[in-house]
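# Geometric and topological summary
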Amino acid sequence: MKNRQFLKSLIYALQGIRDAFSRERNLRFHVAAANVVFVFAWFFGLTRTEWAVLILTVSAVISAELFNTAVENAVDFTSSQIQPTAKLAKDAAAGAVLCAAIAAVLVGLCLFLDIVRIAETIQKMTTQLSGLIACCYLVVATVLILRKRKG
């Protein structure tokens, strides 16, 4: 019985992510940015620890965006008129996303701010077959992720 409940919970969680992804432009932007960063990080040659920090940072931003979506929808559902407390809740949730995104940029600077390695990585990505394939993937994936969804 517990396994069945766990599976249902997992399905609901995945549906929530899918629905938020299809409706929320900012979530799609964060996923597209993460996609670009992960591919660049692969060629940049991060250590295991750096990968862990990067994955946790990206997860924090996407989780904050999902919480923001949940708060906005809950507030919109319970309040048809603009209320000061509803505005505060929505603004605070958006502020949490902003804080997570700023932290992600700072983590990115700590991980990637090495001009020589950046130049080497860009050269690798634009001259090696695997890098060219990755660049093509990034263009296609980013366009698909960012395009306007129906629903």
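Please refer to the structure placed before this passage.
Report on the accompanying structure.

Rules of the game
Residues numbered from 1 in each chain as written. Predicted model: local features only at pLDDT ≥ 70, side-chain atom pairs only at ≥ 80, totals over all residues. Heavy atoms only, no water. Helix = DSSP H or I, 4+ residues; strand = E, 2+ residues; numbered from the N terminus. Rg over C-alpha atoms; globule rule 2.2 N^0.38 Å. Buried < 20%, exposed > 50% of the residue type's maximum accessible area, 1.4 Å probe, protein only. Contact = heavy atoms within 4.5 Å. Areas by Shrake-Rupley, 256 points an atom, 1.4 Å probe, with all protein chains shown as cover. Core = buried A, V, L, I, M, F, W, Y, C linked by side-chain atoms within 4.5 Å. Expected span 1.5 Å × (residues − 1). Phe/Tyr/Trp six-rings, centres within 6.5 Å; stacked < 30°, edge-to-face > 60°. Polar contact = N/O pair within 3.5 Å; in protein donor to acceptor, adjacent residues only side chain to side chain.

What the chain contains, in helices and strands, is six helices and zero strands. Counting from the amino terminus, helix and strand elements in the chain follow one another as α-α-α-α-α-α. Whereas a compact globule of 151 residues would reach a radius of gyration of roughly 15 Å, the chain reaches 19 Å, over 25% beyond that. Considering only C-alpha atoms, the chain reaches an extent of 55 × 40 × 30 Å along its principal axes. Relative to its 151 residues, the chain shows a buried fraction of 26%. At a minimum sequence separation of 6, the contacts of the chain that also span at least 24 residues come to 72%. Accessible surface, the chain: about 10,600 Å² in total, of which carbon and sulfur atoms supply 69%.

By size, the foremost hydrophobic cluster in this structure holds 14 residues, and its most contacted members are Val39, Leu46, Leu54, Phe112 and Met125. Where this core is concerned, the elements lending two or more residues are α2 (25-44), α3 (48-78), α4 (84-112) and α6 (129-146). Top contributing element to this core by residue count: α2, with six residues. Those residues within four positions of Met125 in sequence are excluded, and the remaining contacts are Val39, Phe40, Phe43, Gly131, Leu132, Cys135 and Leu138. Ala20, Phe21, Leu27 and Ala32 belong to the second largest nonpolar core, which has five residues in total.

As a further point, take α4. For α4, built from 29 residues, the straight-helix expectation of 42 Å at 1.5 Å per residue is met to within 8% by its first-to-last C-alpha distance of 41 Å. Inspection of α4 places Ala86, Ala93, Val97, Ala100, Gly108, Leu111 and Phe112 among the buried residues, and these make up the whole buried set. As for α4, its buried residues are in contact with α2, α3 and α5 (115-127).

The next thing to look at is the packing of aromatic side chains. Per the stated rule, a full pass over the model turns up four aromatic pairs. For the pair Phe44 and Phe112, a centre-to-centre distance of 5.0 Å together with 75° between the ring planes defines the contact as edge-to-face. One end of the pair, Phe44, is in helix α2; the other, Phe112, is in helix α4, and 68 residues separate them in sequence. Grouping aromatic residues by their ring pairs yields a cluster made of Phe40, Phe44 and Phe112.

A few words now on the side chain of His30. Structurally, His30 is set in helix α2. For His30, a relative accessible area of 17% gives the class buried. Separated by 3.3 Å, the side chains of His30 and Glu65 make a polar contact.

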